[in-house]
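Listed below are the residues making up each chain.
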Amino acid sequence: MVKYLREYRFYIVLFAFILIPVIAIDTSTRAPREYRFYDKVIVFITSPIQVSITWTLDQLASAFQNYVYLLHTRQENILLTDENRKLLNAIAGLRETEQENIRLRKLLNFEEQTKMSAVVARVIAKDVSTDFRAVRINRGENSGIRRNMAVVSNEGVVGRILRTTEHTADVVTILDLLSAVDVINERSRARGVFEGLTDDTGILRYTVRTDDIQPGDELISSGLGGVFPKGKPVGVVSKVTKKPFGISQDVEVHPSVDFSKLEEVLVITHYETDLMSPEKAVEKSK
Amino acid sequence: MIRLLLRTSNAPALLLIAMIGVAIQSSFFSFWILNYFQPDVLLLLVIWFALRRPFVEGGVLTLIVAEIAETHTAAPSGLFMICYMATFLSLRGAARLLVIPDIASLMLLTLFTSVFAKVIDMGVFRLLGGSRAQVQHMIVFIFPTALVNAMLGKWLYRWLEKLDWATFKNIRAERLLGDDLNLEIG
């Protein structure tokens, strides 16, 4: 037996080298894996290096930007003052709409209440492969972050937590092939599923040909699936192609978040919506 | 004795280089524009293992390196293992026919291997259900990555050569070590 093992050692090892990756890919397609002990050791070594490099580059970039921005401060100040005036007028109009909204909700006899708590985190690294679009953040299980929690930024939906260690977490962005977000067209209320395509585009799937979707329409998260809170911007429709046959239409979407400049994100650690009485809603609005 | 210890430290040192490399790759090259010139440090190491290590040692190191890659990506688990192992085995087979006299030919080999590895990557990805548009996106990165890999290889291979010398992993260094051991026995 030992003699044969020695004789065919090369072929046995070759077979093992081919078999191990095949088993790895086969098991992963059934259940996406969490970090194992040795994975955590690897991340423990690499994440401090990633943090220091990102910090150094951020400092350099911000020093340079501060210098450049200083040159245009006066011009920007004039523009911002003008914009501020316009926004104040818009806010006054929106207050009126809000009051009207409360009255209508009271008439409909319900109010949606949202309870949300979040953790601010910093992006320290991106995916090692240019073909996949995950990012690593500097907060993990110690900050209360768990798998499948929603990640957003001030611009909109970023993605969801893929896996965690004590001090870091990997976020799979909405542009990655592992992601799918149920969305609603804010204008026409048409539904669809947003899926990532490239670094700055996605597509809207499962839209019926008769759905009213126009370029420029904003897509927001529907809250279906329970991962992402309802009403967060996901993207803007950039191109709609209706073929002369078939039941669906091709909708290209530009994500709301600029992923090439993503620095800080918000991980929603607790999120729940429930219905509350109109009295309570009016009381809350007061 | 010290030389033997140094020789044993070669593989851990290479893995440490792999981890530092992947950390730099995923943080420094994550910035916009630089993203398009992101090298694949781990692939360069796999090439080195295929050409300069015994079959079993090289294969095991390749599997560990693939594991390092998979902890830093959202790619389906096993994709890097298949890609790197296919590259390792193919290069191992091709190395019997190839003559690599200098660093320039090694750079050229890196260029072609990078393209080959990416093609395997795309093939497996397509089999796993990746869309055609995503594969097209992958094609955009094939040649910039291959060029950057070849250029980076010029320095990295020299450093690895020096490391092999310092840790007595180089063939000539091994012979020296063997002579020394023989003398000690004698």
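Residues numbered from 1 in each chain as written. Chains lettered and ligands numbered in written order. Predicted model: local features only at pLDDT ≥ 70, side-chain atom pairs only at ≥ 80, totals over all residues. Heavy atoms only, no water.

1. Details of the overall build of chain A
Rules: Strands are runs of DSSP state E lasting at least 2 residues, helices are runs of H or I lasting at least 4, and numbering of each runs from the N terminus. Burial classes: relative accessible area under 20% of the type maximum marks a residue as buried, over 50% as exposed, and values in between as partly exposed (1.4 Å probe, protein chains only). Accessible areas in this description were obtained via Shrake-Rupley with a 1.4 Å probe; residue shielding takes into account the shown protein chains only.
Counting secondary structure elements, chain A contains 5 helices and 12 strands. Evaluated residue by residue, chain A yields a buried proportion of 37% over its 286 residues. Carbon together with sulfur atoms contributes 58% to the accessible area of chain A, which is approximately 17,300 Å² in total.

2. Digging into helix H4 (residues 55–70) of chain B
Quick reminder: α-helices carry 3.6 residues per turn. Residues three or four places apart thus point the same way. Residues and elements named next belong to chain B. The line we're drawing: Working rule for helices: expected span equals 1.5 Å times residues minus one.
Helix length check: H4, at 16 residues, gives a terminal C-alpha distance of 22 Å against a target of 22 Å (1.5 Å per residue), a fit within 8%. In terms of burial, H4 is a largely internal element, 12 of the 16 residues being buried. Among the residues of H4, Phe55, Gly58, Gly59, Leu61, Thr62, Leu63, Val65, Ala66, Glu67, Ile68, Ala69 and Glu70 are the ones counted as buried.

3. What about the confidence of the model for chain B?
We apply this condition: pLDDT expresses how confident the predictor is about each individual residue, on a scale running from 0 to 100.
Chain-level statistics for chain B give a pLDDT mean of 84 and a share of 88% at 70 or above. Taken element by element, the predicted model of chain B shows its lowest mean pLDDT in helix H8 (residues 171–185) of chain B (58) and its highest in helix H3 (residues 41–52) of chain B (93).

4. Concerning the sheet that holds strand E11 (residues 250–255) of chain A
Residues and elements named next belong to chain A. Counted only if it meets this: Paired strands, as defined in this entry, are two strands with at least two bridges between them according to DSSP. As a rule, the C-alpha atoms of each element are fitted with a line to give its axis, helices using only the stretch in contact, and angles between N-to-C directions run from 0 to 180 degrees.
Strand order around the closed barrel formed by 6 strands is E6-E7-E8-E11-E10-E9, with antiparallel pairing between neighbours. Strand-to-strand twist across the sheet, computed as the mean angle between neighbouring axes with direction ignored, equals 40°. Relative to E11, strand E10 (residues 233–241) runs antiparallel, the two being bridged by 6 bridges. Note on E11: the bridge partner recorded for Val236 is His254.

5. With respect to the nonpolar core
For clarity, the threshold we go by: Joining through side-chain atoms within 4.5 Å is the link that ties buried Ala, Val, Leu, Ile, Met, Phe, Trp, Tyr and Cys residues into a set, and such a set is a nonpolar core. In what follows, residue pairs with any heavy atoms lying within 4.5 Å of each other are defined as contacts.
One finds Leu42, Phe49, Val65 and Tyr84 of chain B to be the most contacted residues of the largest nonpolar core, which totals 53 residues. Elements with a contribution of two residues or more to this core: helix H2 (9–30) of chain A together with helix H2 (10–27), H3, H4, helix H5 (79–94), helix H6 (103–127) and helix H7 (132–166) of chain B. Looking at this core, the element that brings in the most residues is H3 of chain B, giving 10 residues. Among residues more than four places away in sequence, those in contact with Val65 of chain B are Leu15, Ala18, Leu42, Val46, Phe49 and Tyr84 of chain B. Counting residues in each nonpolar core, the second largest holds 34 residues, with Val135, Val151, Val152 and Val265 of chain A among its members.

6. Details of the interface of chain A and chain B
This is how it is decided: The term buried area refers to how much accessible surface (probe radius 1.4 Å) is lost by two components on association, counted for both of them together. Salt bridges are defined as contacts in which a side-chain nitrogen from Lys or Arg sits within 4 Å of a carboxyl oxygen from Asp or Glu. N or O atoms within 3.5 Å of each other form a polar contact, as long as, within protein, one can give a hydrogen and the other can take it, and as long as residues adjacent in sequence are counted only when both atoms are side-chain atoms.
Counting from both sides, the interface comprises 50 residues of chain A and, opposite them, 49 residues of chain B. Interface area for chain A against chain B, summed over the two sides, is near 4,300 Å², with a carbon-plus-sulfur share of 70%. The largest per-residue losses of area from chain A upon contact with chain B belong to Phe17, Val128 and Thr130 of chain A, which jointly make up 18% of the total buried on that side. Seen at the junction of chain A and chain B, the total is 0 salt bridges. Between the two partners, chain A and chain B, sit 13 residue pairs in polar contact (both at pLDDT 80 or more). Of all elements in the fold, only H2, helix H3 (37–71), strand E1 (111–126), strand E2 (134–137), strand E4 (156–164) and strand E5 (169–173) of chain A reach the threshold of two or more residues within the side of chain A that touches chain B.

7. A few points about H6 of chain B
Here H6 of chain B is 25 residues long and its end C-alpha atoms lie 36 Å apart, about the 36 Å a rise of 1.5 Å per residue gives. One or two residues past the end of H6 of chain B sits Gly129 of chain B, with phi positive at roughly 105°.

8. Brief notes about the packing of aromatic side chains
For the record, the criterion: Two aromatic rings, drawn from Phe, Tyr or Trp (for Trp, its six-membered ring), form a pair once their centres lie within 6.5 Å of each other, and the interplanar angle then sorts them: stacked below 30 degrees, edge-to-face above 60, tilted otherwise. Either the NZ atom of lysine or the CZ atom of arginine qualifies as a charge over a ring when it sits within 6 Å of the ring centre and within 35 degrees of the ring normal.
This structure, assessed with the given rule, holds 7 aromatic pairs over all chains. Directly above the ring of Trp155 of chain B sits Lys154 of chain B, whose terminal nitrogen or CZ lies 5.9 Å from the centroid.

9. Some points on the pairing of strand E6 (residues 181–185) of chain A
Residue and element names in this part refer to chain A. Counting buried residues along E6, 5 of its 5 residues qualify, which places the element largely inside the surrounding structure. Side chains of E6 alternate between two faces, with Val181, Val183 and Asn185 and Asp182 and Ile184 buried alike. As paired strands, E6 and strand E7 (residues 191–196) are joined by 4 bridges and run antiparallel to one another. The residue of E7 that forms the bridge with Val183 is Gly192. Note that E6 and strand E9 (residues 218–221) share 3 bridges and pair antiparallel. Residue pairing in the sheet places Ile184 in a bridge with Ile220 of E9.

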